[in-house]
Amino acid sequence: GAGVSQSPRYKVAKRGQDVALRCDPISGHVSLFWYQQALGQGPEFLTYFQNEAQLDKSGLPSDRFFAERPEGSVSTLKIQRTQQEDSAVYLCASSYRAFAGEQYFGPGTRLTVT
Amino acid sequence: QKEVEQNSGPLSVPEGAIASLNCTYSDRGSQSFFWYRQYSGKSPELIMFIYSNGDKEDGRFTAQLNKASQYVSLLIRDSQPSDSATYLCAVRGVTGGGNKLTFGTGTQLKVEL
């Protein structure tokens, strides 16, 4: 079946612009996660949804970062007033279980802030 | 101390040899453990997971878990050039609702002809 999809795959933003990154999880997957991966590092957790409820947003680096999953399926990660340090790959993962379970990653969105 | 530690490598092994990748973690309450493979410019791909102490085998891959020593490893038998990638160890703990994965920085594996 179809895996996790993300769009856009690449995004270049000027510093100060707002960006929105989209994630389509695997159909039927209850849990959705956003991670940020800097070059040469492992992914870092940003936030977690169980259906439409955002249960953990402890990894969001500042109040410029906002995520939503209003209907329990597609999710959007929004970054306001982008800064150069926001440049990274943003990965979305989904899992079929509400808790525990294996996480499957999408292809990621590479964000470059100039 | 990092929560999940891996040797960054590169680890070089000849084709056909066994590659051994290691990972230690600090949260003693960690519940489950995952190995992801990441090719350059690609996203992480799940290759193994293990929840109980001992060994778990899947094809050429064996995951080993020792919770007392807070240690998890991945063995790749009959290594192939296509196995050359970065291998990420990830741990699911109990903090924050017990759902997020904490990753190591990855070990770069090079399988040489």
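Placed above this text is the structure.
Just so it is clear, the model here is predicted, and its values are computed rather than measured. (Residues numbered from 1 in each chain as written. Chains lettered and ligands numbered in written order. Predicted model: local features only at pLDDT ≥ 70, side-chain atom pairs only at ≥ 80, totals over all residues. Heavy atoms only, no water.)

S.K.: Please explain the layout of surface pockets as it appears in this structure.
M.R.: Unfilled space is identified by rolling a water-sized probe across the atoms. What the largest pocket holds in volume is close to 680 Å³. Lining the largest pocket are 33 residues, and of these Q37, L39 and G40 of chain A together with Q38 and G41 of chain B lie nearest its centre. Every element with two or more residues in the lining of the largest pocket is listed here: β9 (88-95) and β11 (109-113) of chain A together with β9 (85-92) and β11 (107-112) of chain B. For the lining of the largest pocket, the element with the highest residue contribution is β11 of chain B, accounting for four residues. (1 Å grid on protein atoms, 1.4 Å probe; cavity = no way out; pocket = protein on both sides within 12 Å on 5 of 7 lines; lining within 4 Å. Points joined across faces, edges and corners; volume = space filled by probe spheres on them. Helix = DSSP H or I, 4+ residues; strand = E, 2+ residues; numbered from the N terminus.)

S.K.: Sorry if this is basic, but what is going on with the nonpolar core here?
M.R.: The nonpolar side chains of a soluble globular protein tend to be buried, and buried together. Counting 23 residues, the largest nonpolar core has W35, V72, L74, I76 and Y87 of chain B as its most contacted members. Of all the elements in the fold, those that place two or more residues in this core are β3 (19-25), β4 (32-38), β5 (45-50), β7 (61-66), β8 (71-76), β9 and β11 of chain B. Discounting residues that sit within four places of it in the chain, I76 of chain B has contacts with A17, I18, A19, L21, R60, F61, D83, Y87 and L109 of chain B. Counting 19 residues, the second largest nonpolar core, distinct from the first, contains V4, L77, Y90 and L111 of chain A. (Core = buried A, V, L, I, M, F, W, Y, C linked by side-chain atoms within 4.5 Å. Buried < 20%, exposed > 50% of the residue type's maximum accessible area, 1.4 Å probe, protein only. Contact = heavy atoms within 4.5 Å.)

S.K.: I'm lost on the packing of aromatic side chains in this one. Help?
M.R.: Two measures describe an aromatic ring pair: the distance that separates the ring centres and the angle between the ring planes. In the structure shown here, the tally under the stated rule is 13 aromatic pairs over all chains. Between F105 of chain A and Y36 of chain B, the aromatic rings sit 5.4 Å apart at their centres with planes inclined by 85°, giving edge-to-face as the arrangement. Of the two residues, F105 of chain A is situated in strand β10 (residues 104-105) and Y36 of chain B in strand β4; the pairing between them involves two chains. Taking the relative accessible area as the measure of exposure, F105 of chain A reaches 10% and is therefore buried. Judged by its relative accessible area of 0%, Y36 of chain B falls in the buried class. Joined through ring pairs, the aromatic side chains of F33, Y35, F45, Y48 and F105 of chain A together with Y36 and F103 of chain B make up one cluster. Note that K56 of chain B overlies the ring of F49 of chain B, its terminal NZ or CZ placed 3.5 Å from the centroid. (Phe/Tyr/Trp six-rings, centres within 6.5 Å; stacked < 30°, edge-to-face > 60°. Lys NZ or Arg CZ within 6 Å of the ring centre and 35° of its normal.)

S.K.: Looking at this model, I keep getting lost on the pattern of salt bridges. Mind explaining?
M.R.: When their charged atoms lie close together, side chains carrying opposite charge are able to pair. All names here are of chain B. Using the criterion set out here, one finds seven salt bridges over all chains in the structure. For D83, the salt bridge goes to R60, with nearest N and O atoms at 2.9 Å. Note that D83 is positioned in the loop between β8 and β9 and R60 in the loop between β6 (54-58) and β7, a separation of 23 residues in sequence. (Salt bridge = Lys/Arg side-chain N within 4 Å of Asp/Glu carboxyl O.)

S.K.: I'm lost on the interface of chain A and chain B in this one. Help?
M.R.: Many analyses report the size of an interface as the accessible area lost when the parts associate. Listed per partner, the contact involves 22 residues of chain A and 18 residues of chain B. Summed over the shared surface of chain A and chain B, the result is zero salt bridges. Our count for the contact surface shared by chain A and chain B stands at seven residue pairs in polar contact (both at pLDDT 80 or more). Those elements that place two or more of their residues in the side of chain A that touches chain B are β4 (31-37), β5 (44-50) and β10 of chain A. Broken down by element, the residue count for the side of chain A that touches chain B peaks at three residues, all from β4 of chain A. Counted by class, the side of chain A that touches chain B contains 12 nonpolar, seven polar and three charged residues. (Polar contact = N/O pair within 3.5 Å; in protein donor to acceptor, adjacent residues only side chain to side chain. Nonpolar A, V, L, I, M, F, W, Y, C, P; charged D, E, K, R; others polar.)

S.K.: Help me understand the pairing of β5 of chain A in this model?
M.R.: Consecutive side chains of a regular strand alternate in pointing toward one face of the sheet and then the other. Residues and elements named next belong to chain A. In terms of burial, β5 is a largely internal element, five of the seven residues being buried. Linking two consecutive strands that pair antiparallel, namely β4 and β5, is a turn of six residues; a positive phi of about 80° is found at G40 within it. Across three bridges, β5 lies against strand β6 (residues 53-56) in antiparallel orientation. Among the inter-strand pairings, Q50 is bridged to a residue of β6, identified as A53. Here β5 folds back onto β6, and the loop between the two strands holds two residues, one of which, N51, carries a positive phi near 55°. (Pairing = 2+ DSSP bridges.)

S.K.: Please clarify how the state of the cysteines should be interpreted in this entry.
M.R.: Defined simply, a disulfide is a covalent bond joining two cysteines at their sulfur atoms. A complete count under the given rule lists two disulfides over all chains for this structure. A disulfide bridge connects C23 of chain A with C92 of chain A, and the sulfur atoms are separated by 1.9 Å. Its torsion about the S-S bond being -65°, the disulfide of C23 of chain A and C92 of chain A is classed as left-handed. Within this pair, whereas C23 of chain A is found in strand β3 (residues 19-24), its partner C92 of chain A is found in strand β9, the two being separated by 69 residues in sequence. Note on cysteine connectivity: C23 of chain B is disulfide-linked to C89 of chain B, with sulfurs 2.1 Å apart. Residues C23 of chain B and C89 of chain B are joined by a disulfide whose S-S torsion is about -70°; by sign, that bridge is left-handed. Of this pair, C23 of chain B sits in strand β3 while C89 of chain B sits in strand β9, and the two are 66 residues apart along the sequence. (Disulfide = S-S within 2.5 Å.)

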